[in-house]
Structures are given as C-alpha cells and as structure tokens.
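Each chain, written out:
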Amino acid sequence: MQQTSTSAPVTARQSLLPSGEKRARLRRWRSFKDKMSKYGIAFAGISVVAAFATIFIYLFSEVGPIFSSASIEPEQSYQINSDKPLYTNLERYSEVGLNVSASGELQFFDAMTGAAGEKVQLALPADTTISAFARGEPRSGLLALGLSNGQALVIKHEYNLSYPNDKRKVVPVVTYPLGESPLDLNPGQALQSLAVQEGSAGTALVAFSADGKLSYHVFEAQTEFMTGETTLVRTDYPLPDAPKNVSRILLDTTLHNLFIAEGNEKIHYYDVTDPAQARYVEAVNAVAAGQQVTAVEFLVGAVSLIVGGSDGSLSQWFLVRDEHNNFHLKHIRDFEKHPAAIRQIEPEYSRKGFLALDTSGHLGIHYGTSARTLSLEPLAEGMNFERIAISPINTALLAFAADGKVQRFALENAHPDVSWKAMWNEVWYEGRGEKDYIWQASSGSDEFEAKMSLVPLALGTLKAAVFAMLFATPLAIMSALYTAYFMTPKLRGKVKPTIEIMAALPTVILGFLAGLWLAPFVEKYLSAVFAILLLLPLMMLLTAYLWRFFPRSWRERFGLGWEVVILIPMIIGFIWLCVSLSPAVDQLFFNGSLRQWFTDNGITYDQRNALVVGIAMGFAVIPNIFSIAEDAVFNVPRHLTQGSLALGATPWQTMIGVVLPTASPGIFAAVMVGFGRAVGETMIVLMATGNSPVVNFNLFEGMRTLSANIAVELPETAVGSTHFRVLFLAALVLFVFTFIFNTLAEVIRQRLRQRFSNL
Amino acid sequence: MRAWFKTGTPWIWLNAGAIALCLVMVIGVLGLIAVQGGSHFWPADLQRVEAVQADGSKKTLLAEHVRTEQVSAITLKDSGVALPDNAESYARHLLKLGNRDVYGRDFAWFLDHDLSGWEKPANAIVIERREWGNFYGFPQQLLQQDKVIAEGEALWPALQEAMARANALHDDITDIEKGDIGKINKALEALRLGKRTMELQGASAAEISQYAQQAAEEQAALDAQYAQLQQKLEELYTEAKRDSLKVVTAEGKELTISLSNIVHAHMPNQMSLLDKSVHYVVSIWNFLSDDPREANTEGGIFPAIFGTITMVILMSIIVTPFGVLAAIYLREYAKQGTMLKIIRISVYNLAGVPSIVYGVFGLGFFVYIMGGNIDALFYPEKLPAPTFGTPGLFWASLTLALLTLPVVIVSTEEGLSRIPSTIRMGSLALGATKSETLWKVVVPLATPAMMTGLILSIARAAGEVAPLMLVGVVKLAPTLPVDGTFPFVHLDQKIMHLGFHVYDVGFQSPNVEASRPLLYATALVLVLLIVVLNMAAIHLRNKLREKYRSESD
C-alpha cells in the first residue's frame, strides 16, 4: 500500500486517501492491534496450558505429604520441681503437663514455661510407699497406685475446658472413681505389679503381690432404682497359675484378656472372660532368647501389644483366632530396632502409632498398621530422658529427665498410617485371622484401624475394565473392519452418526439401565444371556450360509455391503427366541433357574455383577474403539487394496493380508484408548455393581473400582486427612495411567498417519 | 462348504453381524428409554379385581396393571409363595395399588390364578396427592366444611372447580413461603452480617452500637411484616382446607381427602382417546415444569432441567473464549516444534482423562483452595459458614469447562487446519496484518468448527455426573440458582442436575418401583437433550467438511 502511494506522486495531492499523518496513525493503530491480539492470544493459550499443568502439579502436591516422614523440633526447655517421674502426661492443647512422682504427688505445670500449677498430694496411709503403678486406656486418664501395704488407690485425671472472654482455659481435675480411701487388695503384702482398666462391666484391677498371688478385682457401679444412689459392688477373684515374677500386667478394655510380662523373654496370656473360671492360655517368647521384655503397652483400642526388648527390638502382637475358635497371641510385625533397651512405649491417642524411648536417649516414632518407622534419632545430644508424654493430637512432646529437667518438642507426624508397601501388600490387621488386602478406610471410632490397601480397588478396576474389553474389543474391531471396508458408502453415512450418538449417551443413563434393567434381566434370563453371547456368531454364519440359496436377483440387489440390513432382523429374532426359550431350558437342565443352580453349586451370584458391568461398560467403550479403528482402516491407501484385488485376492484375503497388517497399529491404539476409558469410567460401575471391594475375578460378583471409590468416599472425608490424600492418590494413579495410555495411542496413530502418507 | 469358507464370505458376514449387533443395542437402548419413559404419562385404566389372599379370603382391589411376567416355580418357592399345583412356571402381575396410607406399600405382585373378575369400573378415580402418592378409589361426596355440596352426577364438575380453587390457593401459599418470607429472612441475615462486617473492619464501639440500634429498628419492621405474612398464610391455609373429598377404596373403606392435598384427579376409565391424549400432553408438561415431590420420586423435574441448563450455559461462557483462543494460539502463533507437539498431544489426551479426576481436582483446588481464599477475602463476615468454599454452581461450571476444554480446542484446531492456506495467503498478500487475517478471514471461516466443538462440549457436560457429585450438585436444591434478587445469578448456590437426579432417585431412593417410570422419563429428557445436541454437531460438521471439500477442489 505504501509502495503504491509513494510511486504515484502526481495524484498524491488530490488523493482520496487519508493524509500521510493519518495513515501513519492508522498503521500504528493496526500494528498495535496486531500486537495486542498476538499477546492476548498467547496469554490465553499459555494460561490454558498452565491450567492443565496445574491439575498435575496440584494432585502431586496433595499426595506428597503421605510419604513424608515425621519431624521433631526442640522448643523450650525448663526445670520442674520433681523427683523421678512415675507417670507423665500432656493435655490436648499442649498447655498443661502433669508429672506424677514416686512420692504420690500430682504436679500440673504450664507446658510452655514449666511454671508450677495445681498440685495434688495423694493421701497415702502412713509408712507406705508406692510399690506399683498402672495406667488404664490413655484416653480415660485412669491411673492406679499400688502400695507397699497391699492397698491400691485409683485416680482419674481430666482437663476441663472453658472459654471465659473467648480465651481457652484448661483446668486440670483429679477425681477418685473408686473412692478417696485406698482399697485393700491383698492386706499386708506389698503390691509388686498392678493393672487397671475401665470396661463396660465396671473398673477392674489386677494385682500381683509380694506373696506371689495374682488377683482380679472388679468394681461395678450399681444404681439404686428407687433412690438413685450409686454403690460400688466389689468382687474379688484369685487367678490361677501366677508366674514367679511379674514386671508388667496389662488388661484390655473388654476386661476379657490379661497379659503378663514376666521380666524375662516371656509374655503370658490369660483368658479372664469369666473371671471365676479364669484360664491360663499360653506363654509366648516375645523377644529373642536371653533378652528381656523391658516395656509392653497397648496400642489405642487395647487390641495390639507393642513389646520392647532389652536389645532394642520392637514388635507388635495381638490375639488371633485359630480354626477351633481359640485365641492365641501372635507375632504380627517387627519395627526398626533401637540401639539400646526400650525404656518406655507411649501409644498415640487416636491412631495405631506409638513412640518408643530407649535407654540411650533415642526416640523412635513408629506406626503399627503400616509398619513404618518415621523417625529414629537421639532426642537431644547428651541428655538421657526418663519418660516422654505426647499430646493427644500428636503435635507436641515432652521429655522428662531424672533431675526434673523437661524438654518440649514440636512434633509433626501427619500421615504415618499409610506406606507404599502397606498399600500394595497384604497387611495383617487387628482382629483378622491372617494377612489380607482390605479397603475399609473409615469408621466413626478412634480405635478403628483404617485399612487402606489399594489392591482391592486396583484389581476391581482391572476386573471391570477387562470384562468390558472382552465384550467390546471384538465387536468394535469387527464393526470397524466391516464399516470401513465392506459397507456401502450410503449405509456408512447412516451408521457412523449412530455410533457417534452411542458414544454421546451419558454414562449415568447406561449405569442406570445396567443397574435397574439389565441386572434383573440378566439374573432372570441368565441362560438366554449365555446363549446369546455364545450362539449369536453361529447364527450369523448360518444366516450367511442360507443367504446363498436365495434367488440371485435378490442377492445382487442387496448384495455386498448390505449384509447388516439382513442381519438386524435375524439378530432381533434370535434374541427374542433365546429369551422366550430360556425358562424351558432352565427347567430342563438347571432345575428351573440357572441362577439358583449357580448358588447351589457354590458359585456366589450377586445381581449387580461383573457380567452386567462388562456389557454396560463394553457398550460405552465400543464407540471409542470403533471410531479410531475405523479411521485407521479407512485411511489405508486405496492403491494397496486395489493392487491386492487386481492380483486376484478375494476381498477377505485383501482384508487379512493387506488392510489388517497396515492398519494394525491404529487398531492397537484404538484398543488402548478404549482400555483407558474403561479404567476411568465411574458412573456405570458405581450403579451397576454392589461396590464391595472384593479381591477376585468371579464373573458373577461385583467389584469396587478406584473411580467409584473416589465418588463414594471423597465427599465424606475430612480435608487433609490421610484418607483424603489416599483418595487423591487414587485419582493421580488414574490420571497418570490414562494419560500414559492415551499418549502412547496418540503417538502410534501419528506414526501410522505418517506411514500412510509415505506409502 | 469348505470352498465357501475359503472365499471369506462367512467372515465378512460375521463382521457385518458385529456392527448389526451394535446397531441393535443402540436402537434397543434408545427404544427402551423412549417406550418406558414415554408410556408413563399415558393414563392407564384402573382395574377392579378380586384377589385371593394367603388365608384364602378374597379382597377387592382397584389397581393399575403395570406388567406381567412368567416366573419359574423354583424362584417362587424360594421366595416363600405357596403354589397350588405343580406347573413349571406361573404368570404373575405387578399391580400398582396406590393408597400408600392405607396399604403401606403401593406395588404388589399377584399370581395370575389368585386374581379373578377383572373389570373397569367407570367411576374409578385417580387422585394425585401431594403426600402418600396416588389414591385409587371411587369419589362419593364433595364436602365444604363437613357439608355435602355435591354428589352423584354433579360431583365431577364441582370437584374440578374446587380443585382449581385449591390449587390456586396452594400457589399463593408457595409464593408467600418461598418468595416473601424468603426475602424477609434474607434481609434479617443481611442485618446480622452487616454488624459482623463492622466488627471485622474494626469499627468503634459507638459506631457498632449505632448500627445495632438501626438494625434493631429494621428488624422490628421486618418482624412485623413477617407476622403479617404469617397471619395471611394461616388464613390461606384455613381457606385451602375448606373443601374435602369423601372417597371410598375398592374394599369399601371410607376416607376424606382434603383438597389442599390434591394435585390432580382424573377418571381414566371414562376418558376417550382424545381426553387421554390431552391428559398425556398435560402430564408431560407438568413433569417438565413442576418441582419434585416426595423425596424426588414424584412430581416434576423442572429444577433439575433448569440447573443443568444454567450450569451448561455458564460453562460455555467460560470454555468458548479460552478454548478458541488456546486453539488459535497452538495453531497460529506458537512456535512449531517438539515442545508444541508434546503440548498438543497432552492437551488432546486430557479429553481421555477420567472425568472423576477433574472432579477431584475441582473439589480440592477450586472449592477448598480457591473458594476458601475467596471466602477469606470477600466474605469474612459469613465465616465459618462457607460461601464459595463449598461445592456450588460456579465450581461445577468451572470444573466442567476444564473437562471440556480439550474438546473445543481439538475441534477448533481441526477447523483452522482445514482452511486452505491460499485464503490466508491471499489476505496477507493484500496487506492485512496477521491479526486482521485471523479475525476477519480465518476465524469467521472456522466458526462452524468452533460451534461443533462447543456443541459437543455442551453435550458432554450435560451428561457428565461423576465430577459434579463432588463439586456442586445436590439431590434437592431449595431454590433456583437464578432469581429476581441481586445478583440474579447465584454462583455459590448448589444446583440440581438431570444426570445426578437419575443416579439419586434410582440408587438412593427407598421406593425404586414407584420412581421407576419417572426415572425413565427423566432419562428420556436427558437423552433427548444430548441426542439433539449431538445431531446438531454432526450436521454442522458434515456441512463444514463438504463446504471445504468443494472450495479446495
């Protein structure tokens, strides 16, 4: 334009064109617009790409913390006024600590500064010392002191919260659930060891005294119906077969099982379900021969025992039911070994983890279910701590030295309960007879052991996808071959949109039909369904055979390319025939019902099963495979096929010998895309299966897939919890898996396209 | 025979069979939904029949015949049915008995030989109620405050009139309850939030107390309004309860149904074909335009349709510019190379990533992170009650936009790549800048491709349920996301969705048999919506292809 205007100077003065200045402005404006458009589009394009990248990064960032280890950071250190601690405790908000000293003094203190708070001196009878100490389930705050005169005192400490002026105030309270005066357990004989526990049957104490006697005492609160007064009813039972020496007694919260550590390598197990007929069951060697059990503690829920030995070993034990319905104490798993004898085991309050302190001052943070050791380090250089106390929400830790020095630590240990190993291997869960793959992630109670094995879900996903692919692959590929190569173009123009509509059907509709229509239908006409799946190809061949005998004029009219039109009514007729004959077949061969016959022969049959999912999800996957495979076959260069036909090959020979080998990478890519789709499908499996996370490949049982599991559980989980993150992990696995599959398929297709264009 | 196999013809037939089977399945599925969903609205005749009960006594039933099936003897025996003879299988009928308040259940199976004396009494009536489902019986008298005002011949016309009046009253009541009282509640809430805002902004005690005083006055005014409305409501309620209908069930039990409880009544056995057709159309209209009742198992699906459409429109508004611009960037501006190839493949593959993954991302990133921050910044006065920090319309649309972005990008890119380079060159040769060529030549030509992409993405979004379960769809939303109060479109509200409605009613509802026809009808609406959208996309695309084929020739 510029060229024209400058090369015509004669007309320039009278030109209708705007003046040079105006044009320059216009040019600037246009170039400005051009730049704006360029940067605007680039911005939008890059932000879309960034948004997609965010998905990937965000999923990773949510999953990452699961695999991080615990951290312990030292905070304040201070001196409290106390001698050697018997028992120490830290309250939920880490504001108030408690130290129970050997002289029977309960000293509460400010856990930030060490400033002394309330102090309770227990009224012990004159001339007695505390000879034994016991602690109940940590959350109950129940403690028992055994005295040298054979008496015991039971106390309970709690923390009351109030919010005066919107500020939290923690007030410690000490109560005496069994009365303020000590109870006579074995008068005159010093109590050497003691256990206390609260159960539904009352409060129970188990004592071992200096005379070698073992006794069991239950205190049941009974409320007078008329007056409302409560009285304590006490019952004593002597226990048989007391070991010679006792270092530790543990009673579980059902008050049924009693465990006694002897001070050597043995732990004895007593069945005290009925205390009057208490029974010694067995002794196990809980640590290596020649070593001693130096610490034993229950994990939360009082099912698992953690045993620490003088060699620093740590192992988990619990009762396992054998085939005769008898319980035995079984070794479940070991944890990373400490360098010195275990001094104290401190269980966490709300999950199956524990801290272990050894005599060399190392602190280990371990977790039961996942068998993880998250940290094992010396707590502080040159310090030897006697005891530790952990806050009930696992955020802070106090370590007590013998001289009254206290070191406070900040604790971060958010997700110890899963490990890569525990998610993909068999795990022995509490109360189970053997190791197993189980997915059962949540329950209302703190004592519940979350079972997060991804194996049942991954297998369920695979099961659903495999059955769907078994159904879809042959149908889709054969359809694609026929549509691309044999079908008349006129029909093809109708068939392709129909298949596209099939692809567009919402999966929620397919799932709903599968669950509410297909599942009952399959259950009722099971024999017909099998007959259709197996005999339909034969019927098609038969139709083809009979077609030969039709008059030539007909055959030429509807000849090649129109087979579909003839087959559709035949298929409908055949299906109708199978369904209507099904009751008679059942009657003849299967006593009236094939489904019942399966049950009688020991095959589990769920109404919503893998067969139904296979058909429904196969239906959803067929169009995906079809359209890609059809594309690949259709784009095989014509000169190849024409050459083959010209050399005298039949159409079918051309198909098998020329078209199929050329298009096979494309068909393979189609199958991969279909598989990726089947793996991630949610609604169909959610609606057409029972969603039970079983581990098997039975065609007549359901499954739970990764995607359905996310849909069911994610709305209910607490944000940031381990369960939440594990579900994100499931999503990430799905994402990465399908992404890789689709990328491979896409690369294959692009190569194929290249090859076609080179041919 | 062998030679025949050698020609390969049977294998070709087998392949043909595969595609034939696929076609049968597609047509079968569509047909099943259409027949089951469409037939629900046809007024079925009521049958009076004598049923032999377990103890041998006879009972008269008035019921709708739902379906008949053959059951094998063994299945019946297993379920504890006493069989009279040793036949191999028996016919049994599913009857819809209605009258849930009388019988406790509204569907029951009866063996064929237990039923006798089928007839269609002319004066049988179907009453659709707001509670307890349908009533089947015979009308006796129309009562006005316990006084009989019509019976016999005069009953039906009088009933029609009374029903029209009762329904009008019901509409008034709903208007007041949902509209006016809702407004008052909103105003009260705004007063409370106003105070909280002042506190958060650190206003002085004097200012706050001044505001509190003002608020107290306004509140008193609102309370007075509320009391007035309450009184009006009570009057309307008494008015609505004025009339009632005395009916008798088939076995002779008398009942009185308040007209305020009746949605609709008809006498199917007296209706002519024309009447039935009219009734059919009216029922469909009611289904599409009414709110659901009885835990979504009865009534209409209007909020679900509305929610789906609102969400999809919002999604289109987000996805169109970004999708189109991203495609233009990838095709026209970005430096072509390996990196771009990788990005392009990745973007294409995102279309194949399971939708639930997008849901998880939406919930974690959009709802919890973005929503949480929006709440902290803009709605601190409402905390800890979340505004955007909870699943809602906006997040659902945004998640679906992300989900369908690849669809739009792929389609637009395809459209751009189909435009012959000669056109582009021509424009550039005439001196147009790149952006002028783009916006005035290339993009207009590619519009149909963009439209195709958009329609396909709408179809996908309308049918997607899994991610929505996580980011904003609920089984029952009390109000629509669009209404007359500022800001008119409530992006933070939860919505109902057709697909989720199907899932919820079909799999979470206690009375599946009763809701089954409605489920099919809902499914039909959803399928029709999606099939129509897809047909449009396919049509558009074919037209486009033909156009360029002829132009490039």
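As the structure is a prediction and not an experimental result, all values here were calculated from the model. (Residues numbered from 1 in each chain as written. Chains lettered and ligands numbered in written order. Predicted model: local features only at pLDDT ≥ 70, side-chain atom pairs only at ≥ 80, totals over all residues. Heavy atoms only, no water.)

Let us look at the overall build of chain B. Scanning chain B from terminus to terminus reveals 16 helices and 13 strands. The C-alpha radius of gyration of chain B comes to 31 Å, more than 25% above the 24 Å expected for a compact globule of 553 residues. Overall, chain B is about 105 × 90 × 45 Å in size when its C-alpha atoms are taken along their principal axes. Here chain B, with 553 residues, has 50% of them falling under the buried criterion. (Helix = DSSP H or I, 4+ residues; strand = E, 2+ residues; numbered from the N terminus. Rg over C-alpha atoms; globule rule 2.2 N^0.38 Å. Buried < 20%, exposed > 50% of the residue type's maximum accessible area, 1.4 Å probe, protein only.)

Right, let's get into the overall build of chain A. Along its length, chain A carries 17 helices and 31 strands. Taken over the C-alpha trace, chain A has a radius of gyration of 38 Å; the compact-globule value for 759 residues is 27 Å, which it surpasses by more than 25%. Overall, chain A is about 120 × 100 × 60 Å in size when its C-alpha atoms are taken along their principal axes. By residue count, 52% of the 759 residues in chain A fall in the buried class. Considering only contacts within chain A whose residues lie at least 6 apart along the sequence, 58% involve residues at least 24 apart. Surface accessibility of chain A: about 33200 Å² in total, with carbon and sulfur atoms responsible for 57%. Between the centroid of the 60 positive side chains of chain A and the centroid of its 66 negative side chains there is a distance of 21 Å. (Contact = heavy atoms within 4.5 Å. Areas by Shrake-Rupley, 256 points an atom, 1.4 Å probe, with all protein chains shown as cover. Lys, Arg positive; Asp, Glu negative; His and termini not counted. Charge placed at Lys NZ, Arg CZ, Asp CG, Glu CD.)

Moving on, we come to the pairing of strand E2 (residues 85-90) of chain A. All names here are of chain A. Counted residue by residue, E2 has 5 buried out of 6 residues, so it is predominantly covered. Examined bridge by bridge, E2 and strand E3 (residues 96-101) share 5 bridges and lie antiparallel to one another. Across the sheet, residue Leu90 finds its bridge partner in E3, namely Gly97. Here E2 folds back onto E3 in antiparallel fashion, the turn holding 5 residues, of which Ser94 has a positive phi close to 55°. (Pairing = 2+ DSSP bridges.)

All names here are of chain A. Read across the open sheet, the 4 strands follow the order E15-E16-E17-E18; overall the sheet is antiparallel. Here the strands that pair on one side only, and so sit at the sheet edges, are strand E15 (248-251) and strand E18 (279-285). Strand-to-strand twist in this sheet, taken as the mean axis angle between neighbours without regard to direction, amounts to 20°. As judged from the 5 bridges shared by strand E16 (residues 257-261) and strand E17 (residues 266-271), these two strands associate in the antiparallel manner. When the sheet's bridge partners are listed, Ala261 is paired in E17 with Ile267. (Axes fitted to C-alpha atoms, helices over the stretch in contact; angles between N-to-C directions.)

Residues and elements named next belong to chain A. Where nonpolar side chains cluster on the molecular surface, the patch consists of Trp576, Leu577, Leu581, Val585, Leu588 and Phe589 and spans about 670 Å² of accessible area. Note on placement: Val585 falls in helix H10 (residues 563-589). Classification of Val585 by relative accessible area gives partly exposed; the value is 31%. (Patch = residues over 30% accessible without salt bridge, like charges linked within 9 Å, V, L, I, M, F, W, Y side chains within 5 Å. Salt bridge = Lys/Arg side-chain N within 4 Å of Asp/Glu carboxyl O.)

A word on the environment of Ser215(A). Residues and elements named next belong to chain A. For Ser215, the location among the structural elements is in strand E13 (residues 214-223). The buried category is assigned to Ser215, whose relative accessible area is 13%. Measuring from C-alpha to C-alpha, the distance between Ser215 and Leu185 comes to 8.0 Å, with 30 residues separating the pair along the chain. With residues up to four places along the chain from it excluded, the contact list for Ser215 reads Leu205, Val206, Ala207, Tyr237, Pro238 and Leu239. Reaching out from Ser215, the side chain makes a polar contact with the side chain of His217 at a distance of 2.8 Å. (Polar contact = N/O pair within 3.5 Å; in protein donor to acceptor, adjacent residues only side chain to side chain.)

Residue and element names in this part refer to chain B. Inspection of the secondary structure puts Trp132 in the loop between strand E6 (125-129) and strand E7 (134-144). We classify Trp132 as partly exposed; its relative accessible area is 44%. Sequence separation of Trp132 and Ala54 is 78 residues, and the distance between their C-alpha atoms is 26 Å.

For the rest of this paragraph, the subject is a positive patch on the surface. Residues Lys22(A), Arg25(A), Arg27(A) and Arg28(A) make up a contiguous surface patch of positive charge. Accessibility expressed as a relative area gives 47% for Arg25(A), which makes it partly exposed.

Residues and elements named next belong to chain A. The 4 strands are arranged E2-E3-E4-E5 in an open sheet whose pairing can be described as antiparallel. On the outer flanks of this sheet lie E2 and strand E5 (116-121), each paired with one strand and no other. On average, each strand axis in the sheet is inclined to that of its neighbour by 15°, with strand direction left out of account. Bridging between strand E4 (residues 105-110) and E5 involves 4 bridges; their strand directions are antiparallel. Counted as the bridge partner of Gln107 is Lys119 from E5.

This brings us to unusual backbone geometry. Residue and element names in this part refer to chain A. Backbone geometry at Leu255 places phi at a positive 60°, although glycine is not the residue there. Turning to its location among the elements, Leu255 is positioned in the loop between E15 and E16. Phi at Asn394 is positive, roughly 60°, even though this residue is not glycine. Relative to the helices and strands, Asn394 resides in the loop between strand E27 (385-390) and strand E28 (396-401).

Another aspect to go through is the interface of chain A and chain B. Taken residue by residue, the interface counts 97 residues in chain A and 94 residues in chain B. Here chain A packs against chain B, burying approximately 8800 Å² in sum over the two surfaces, 81% of which is carbon and sulfur. The largest share of the area that chain A buries against chain B comes from Ile41(A), Phe52(A) and Trp652(A), three residues that together contribute 8% of it. Joining chain A to chain B, the criterion identifies 2 salt bridges. Ionic pairing is found between Arg30(A) and Glu436(B), a salt bridge with its closest N-O pair at 2.8 Å. (Buried area = accessible area lost by both parts, 1.4 Å probe.)

This part is about the side chain of Thr722(A). Residues and elements named next belong to chain A. When you line up the elements, Thr722 lands in helix H17 (residues 722-758). With a relative accessible area of 7%, Thr722 lands in the buried category. For Thr722, the contacting residues outside a window of four places in its chain are Ala414, His415, Asp417, Val418 and Met452.

Within this structure, the stated rule accounts for 54 aromatic pairs over all chains. Centre to centre, the rings of Phe724(A) and Tyr368(B) are 6.2 Å apart; their planes meet at 55°, and the pair counts as tilted. With Phe724(A) in helix H17 and Tyr368(B) in helix H10 (residues 355-378), this pair bridges two chains. Residue Tyr368(B) is classed as partly exposed on the basis of its relative accessible area of 30%. Members of the aromatic cluster, connected to one another through ring pairs, are Tyr58(A), Phe724(A), Phe728(A), Phe361(B), Phe365(B), Phe366(B), Tyr368(B), Tyr379(B), Phe388(B), Phe394(B) and Trp395(B). Note that Arg92(B) overlies the ring of Trp109(B), its terminal NZ or CZ placed 4.1 Å from the centroid. (Phe/Tyr/Trp six-rings, centres within 6.5 Å; stacked < 30°, edge-to-face > 60°. Lys NZ or Arg CZ within 6 Å of the ring centre and 35° of its normal.)

What follows concerns the packing of helix H12 (residues 421-429) of chain B against helix H13 (residues 434-463) of chain B. Residues and elements named next belong to chain B. Packing of H12 against H13 leaves a shortest axis separation of 9 Å and a crossing angle of 145°. The two elements H12 and H13 cross, and the hand of that crossing is right-handed. Between H12 and H13, the residues in contact are Ile423, Arg424, Ser427 and Leu428 and Lys434, Thr437, Val441, Val442 and Leu445, respectively. Of the residues belonging to the contact of H12 with H13, the class tally is 5 nonpolar, 2 polar and 2 charged. (Left-handed = near helix turned anticlockwise from the far one by under 90°. Nonpolar A, V, L, I, M, F, W, Y, C, P; charged D, E, K, R; others polar.)

In this section: helix H11 (residues 393-418) of chain B. All names here are of chain B. With 26 residues, H11 ought to run about 38 Å at 1.5 Å a step, and its terminal C-alpha atoms sit 36 Å apart, in line with that. Maximal helix bending in H11 amounts to about 40°, located at Thr404; proline Pro406 follows within four positions. Counting buried positions over the 26 residues of H11 gives 21, a clear majority of the element. (Expected span 1.5 Å × (residues − 1). Bend = angle between axes of the 7 residues up to and from the residue.)

Looking now at a negative patch on the surface. There is a patch of like negative charges on the surface, built from Asp171(B), Asp172(B), Asp175(B) and Asp180(B). Tracing the backbone through its elements, the reader meets Asp171(B) in helix H5 (residues 155-200).

Turning next to the pattern of salt bridges. Opposite charge on two side chains makes pairing possible when the charged atoms of those side chains draw close. All chains considered together, the criterion is met by 41 salt bridges over all chains. Via salt bridges that share partners, Arg165(B), Glu239(B), Arg242(B) and Asp243(B) belong to a single interconnected network.

Let's shift gears to the confidence of the model for chain A. Residue and element names in this part refer to chain A. Mean pLDDT over chain A: 87, with 98% of residues reaching 70 or higher. Mean pLDDT per element in chain A: helix H1 (residues 2-7) is the minimum at 47, and helix H5 (residues 455-486) is the maximum at 93. Low pLDDT (under 50) marks residues 1-8, which in the prediction has 3 contacts with non-local residues, meaning those over four places away or in another chain. (pLDDT = per-residue confidence, 0-100.)

Residues and elements named next belong to chain A. Relative to strand E22 (residues 327-335), strand E21 (residues 314-321) is paired through 8 bridges, and the arrangement is antiparallel. Within E22, the residue paired with Ser315 across the bridge is Asp334. In textbook terms, the turn of a hairpin is the stretch between consecutive antiparallel strands, and for E21 and E22 this stretch comprises 5 residues, one of which, Asn325, has a positive phi near 70°.

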